[in-house]
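Below are the chains, spelled out letter by letter.
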Amino acid sequence: MTTTFTDETRERARDIIARYPADRSRSALLPLLHLVQAEEGYVSPAGVAFCAEVLGLNKAQVGAVATFYTMYKRKPTGDFLVSVCTNTMCNVLGGQEVYDTLAEHLGVGHDETTTDGTITLEHAECLAACDYGPVMTVNYDFFDGVDASTAVGVVDELRSGGRPMPTRGARLCTLKEMAVQLAGFADERDGAVADGGPGEPTLRGLRLAQQHGVSVPGFDPNTPIRSKAEADKAAAEAKAKAEAAKPAPVEASAAPVKGGDGASAPTGAAGVAEPALPADASGSTTRDVKAPDDKSPQVRTAETRQPDAGTAVPDAPGTRVPTDRTGTAPEAGDARAAEAAGVAANPPAGDGKPAGDEAGAQERNLTEAKAGTDADGAGPADANETGAQK
């Protein structure tokens, strides 16, 4: 197992960390894990320690991430990771047959590597290419519409030193070379960049829309795409138009504004009359009052269930002053008193035992149970029944 990483890897690690703000350096963990996998072929304990060292994390934090994502391998992996989709669509089209044939042909199972260290086989839940199914990938490059025979031909060519051309994308590279790219470094090989056209199943919906004239209302496919400067200008104009459309503020008046009943309407801090509030479904016109933020959730819950008669607003939406059977509202402070009594009767649990699990209470229960048994002359079972009856 490699315990010391090369100077090139350490230099690349510094380049990766420099991509992120100084106080967000731990965001570099994902590409760093790909980087150590590019050197060792998997994320070893030494790789976990390396990432923890350069990021100032502990190994448990790094290991939690490395074990979460399946792209990070935790044991030595072959040069070529062959993944066969066995999810619903590909399975219906023969994906499971492809996987079973490869497993028998290579003599390995899921997440196992051939004896020559060339191929690691795995079944994948989904490779996001249902319209090309059944599919398999080699180091995440696609081979579309495969069957058992073509899949065997691909792995045999890989084991013989060849590099079969994927259906889409550039020519194959090893898993270590792919890990370098996943860490964020360009592939400098000739022919490393290639494009692949969309498959006919992908275009089927577009073909049907064109055939039947289906389109979004008002859609013009010839509409040019605006530049960023044009988009920013249009956004500024829209904002200015919205600001101009806002109603002008009401001027302050020396005389109080009269309400509909002849009484003075409420005014704000600057003497500006506040607009009348529309009545809700219950006919209430009381303004909603936000609960104070300094109250604990427990206190707010208690006050919602049992608001004080002296402070609750009977007409506030969602608030009702409770009354007893005689129709009398509770005295002010009842809710706070009940809350205080509840807190006092339920002390928080300590580190040792749960709340209420005290030695004195246990001894008292045992003494009472023993006394009941001695007095009645009954056994434990009878004592339980007697206690239940009591």
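Above: the structure in question.
Along each chain, the written sequence defines residue order, and numbers are assigned to residues from 1. Local features in this predicted model are restricted to residues whose pLDDT is 70 or higher, and side-chain atom pairs enter the listing and the counts only when it is 80 or higher, whereas totals over whole chains, interfaces and linings include all residues. Values shown for side chains rest on all heavy atoms present in the structure; no hydrogens or waters enter the calculation.

Colleague: What exactly am I supposed to notice about the overall build of the protein here?
Modeller: Across its full length, the protein carries 14 helices and five strands. Only protein chains enter the accessibility calculation, which uses a 1.4 Å probe; a residue is then buried when its area is under 20% of its type maximum, exposed when over 50%, and partly exposed in between. When burial is assessed residue by residue, the protein has 27% of its 390 residues classed as buried. Partitioning the contacts of the protein with sequence separation of at least 6, the portion at a separation of at least 24 is 56%. Residue exposure ignores everything except the shown protein chains as possible cover, and the areas themselves are Shrake-Rupley values with a 1.4 Å probe. As presented, the protein carries roughly 25400 Å² of accessible surface, and 54% of it is formed by carbon and sulfur atoms. Where helices and strands are cited, they refer to DSSP runs of H or I of at least four residues and of E of at least two residues respectively, numbered from the N terminus. Whether two residues are in contact is decided by their heavy atoms, any of which lying within 4.5 Å being enough.

Colleague: Please explain the side chain of Gln 37 as it appears in this structure.
Modeller: Mapped onto the fold, Gln 37 is located in helix 2 (residues 29-40). Think of a polar contact as two N or O atoms within 3.5 Å of one another; within protein, one of them needs to be a possible hydrogen donor and the other a possible acceptor, and neighboring residues in sequence only count if both atoms come from side chains. Of note is the side chain of Gln 37, whose polar atom sits 3.1 Å from the backbone oxygen of Met 71. Engagement of the side chain of Gln 37 in a polar contact is seen with the backbone nitrogen of Lys 73, the distance being 2.8 Å. Sequence-distant contacts of Gln 37, defined by excluding residues within four places in its chain, comprise Tyr 42, Val 43, Met 71, Tyr 72, Lys 73, Lys 176 and Ala 179.

Colleague: Honestly, the packing of helix 6 (residues 95-106) against helix 7 (residues 148-159) in this entry has me stumped. Any pointers?
Modeller: Two quantities define a packed helix pair, namely the angle between the helix axes and the distance between the axes. Axis lines are fitted through C-alpha atoms, for helices just across the contact stretch, and the angle between N-to-C directions can take any value from 0 to 180 degrees. Viewed as axis vectors pointing N to C, helix 6 and helix 7 meet at an angle of 40 degrees, and their least axial separation amounts to 9 Å. With respect to the hand of their crossing, helix 6 and helix 7 are arranged in right-handed fashion. Mapping the contact onto sequence places Val 98, Thr 101, Leu 102, His 105 and Leu 106 in helix 6 and Ala 148, Ala 151, Val 152, Val 155, Asp 156 and Arg 159 in helix 7. Left-handed describes a crossing in which the near helix is turned anticlockwise from the far one by less than a right angle; the clockwise case is right-handed.

Colleague: Looking at this model, I keep getting lost on the pattern of salt bridges. Mind explaining?
Modeller: Where side chains of opposite charge bring their charged atoms close, a pairing between them can arise. Between Lys or Arg on one side and Asp or Glu on the other, a salt bridge is scored when a side-chain nitrogen of the former is within 4 Å of a carboxyl oxygen of the latter. With the rule as written, the count across this model stands at nine salt bridges. Taking the shortest distance from any N to any O, the salt bridge between Arg 159 and Asp 116 comes out at 3.3 Å. With Arg 159 in helix 7 and Asp 116 in the loop between strand 2 (112-113) and strand 3 (119-124), this pair connects stretches of sequence that are 43 residues apart. Classification of Arg 159 by relative accessible area gives partly exposed; the value is 34%. Looking at Asp 116, the relative accessible area reads 41%, which means it is partly exposed. When the shortest N-O distance is used, the salt bridge between Lys 228 and Asp 232 registers 3.0 Å. Here Asp 232 and Lys 228 lie together in helix 10 (residues 228-244), a separation of four residues that amounts to about one turn. Here Lys 228 falls in the exposed class, since its relative accessible area comes to 65%.

Colleague: How should the side chain of Asp 141 be read in this particular structure?
Modeller: Structurally, Asp 141 is set in strand 5 (residues 141-143). Discounting residues that sit within four places of it in the chain, Asp 141 has contacts with Met 136, Pro 166, Ala 170, Arg 171, Leu 172 and Met 178.

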